[in-house]
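Read off the chains here:
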Amino acid sequence: MFKRTTSQLPNSVTCLNLISGCVAIFMAFNMTVQFGPLNGGQWALIAIGAAAIFDFLDGATARLLHKFSPLGKDLDSLSDMVSFGVAPAMLVLNIMSTHGNQLPIPFAALMIAVCGAIRLATFNTDSEQSVNFRGLPIPANAIFWIGFYGWVQQYGYPGYGVVYVLIVLVSLAMVGRFKMFSLKFKNFDLAENFSRYAILLAAVLFVLFNGLSGLMWTILFYFFLSLLKRKHL
């Protein structure tokens, strides 16, 4: 009984990722509605952040329990699609709508979901991405758009032209073939994980000095650091 329960633990954590993504989508469509101390947009960010934590924990749990399965891999990708593809797309769509952009302009945000789906499908069938990635990982895409939300809150809406360019660039980055190093830790060795620790430190510093919008700069730093390391990937 215990063995059967533990075998389903990683998939259960993955389902929490999926649930968080669904909550984020609901909250994105209620951005200005107050739910307790926060509005829907803020809750959407928290839900996407929770999904990212569960996405990390399901892999860590599977490694700890040695419970890997094809079902778990597919469930993880489907959950990531909802939490880091559809949810950010709906967040951006509603940001654009809230700031006066009339349909069909906000539908440009759907490119995020489409490229996210292509990125995950490619990842699942590409043996070259077992250690490092090709293209921007879909969780990094979600983190970028959380930072964008922070930017809008701090500095104002930059206009649909700028947002459209960002949508295109970030979406195409997900389906690009350039190499990027994985952000997942297999151990805590400093030399082996130097670049990952650098990203974590950069995230802390960017957020400390720029607030939530610092997450945008963190993903840009990750992108350029990967380009610098491309010969070693």
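Note that the structure is predicted; figures quoted are calculated from it, not measured.

K.L.:
How should the overall build of the protein be read in this particular structure?
P.N.:
Within the protein one finds nine helices and four strands. Reading the protein from its N terminus to its C terminus gives the helix and strand order α-α-β-β-α-α-α-β-α-α-β-α-α. For a compact globule of 233 residues, the expected C-alpha radius of gyration is about 17 Å, and the protein comes in at 18 Å, within 12% of that figure. By principal-axis analysis of the C-alpha atoms, the protein measures approximately 50 × 45 × 35 Å. When contacts within the protein are restricted to residue pairs at least 6 apart in sequence, long-range pairs at least 24 apart make up 72% of them. In the form shown here, the protein has an accessible surface area of approximately 12,200 Å², with 72% of it arising from carbon and sulfur atoms. Once the 15 positive and 9 negative side-chain charges of the protein are each reduced to a mean point, those two points are 4 Å apart.

K.L.:
What should I look at first to understand the packing of helix H5 (residues 110–125) against helix H7 (residues 160–174) in this one?
P.N.:
Helix-helix packing: each pair is described by the crossing angle between the helix axes and the interaxial distance. Between H5 and H7, the least distance of the axes is 8 Å, while the angle of their chain directions is 10°. In this view, H5 runs roughly parallel relative to H7, as classed from their interaxial angle. Together, Met-111, Ile-112, Cys-115, Gly-116 and Arg-119 of H5 and Ile-167, Val-168, Ser-171, Leu-172 and Met-174 of H7 make up the contact between the two elements. Of the residues belonging to the contact of H5 with H7, the class tally is seven nonpolar, two polar and one charged.

K.L.:
Could you clarify how one ought to interpret the packing of helix H4 (residues 70–98) against H5 in this entry?
P.N.:
Running from amino to carboxyl end, H4 crosses H5 at an angle of 160°, the nearest separation of the two axes being 8 Å. By the criterion of interaxial angle, the relationship of H4 to H5 is roughly antiparallel. Classified by chirality, the crossing of H5 by H4 is right-handed. On H5, the residues that touch Lys-73, Asp-74, Ser-77, Asp-80, Met-81, Gly-85, Val-86, Ala-89, Met-90, Val-92 and Leu-93 of H4 are Leu-110, Ile-112, Ala-113, Gly-116, Ala-117, Leu-120 and Asn-124. When its residues are assigned to classes, the contact of H4 with H5 shows 11 nonpolar, four polar and three charged.

The rules behind the values
- Residues numbered from 1 in each chain as written.
- Predicted model: local features only at pLDDT ≥ 70, side-chain atom pairs only at ≥ 80, totals over all residues.
- Heavy atoms only, no water.
- Helix = DSSP H or I, 4+ residues; strand = E, 2+ residues; numbered from the N terminus.
- Rg over C-alpha atoms; globule rule 2.2 N^0.38 Å.
- Contact = heavy atoms within 4.5 Å.
- Areas by Shrake-Rupley, 256 points an atom, 1.4 Å probe, with all protein chains shown as cover.
- Lys, Arg positive; Asp, Glu negative; His and termini not counted.
- Charge placed at Lys NZ, Arg CZ, Asp CG, Glu CD.
- Axes fitted to C-alpha atoms, helices over the stretch in contact; angles between N-to-C directions.
- Parallel < 35°, antiparallel > 145°, perpendicular 65-115°, else oblique.
- Nonpolar A, V, L, I, M, F, W, Y, C, P; charged D, E, K, R; others polar.
- Left-handed = near helix turned anticlockwise from the far one by under 90°.

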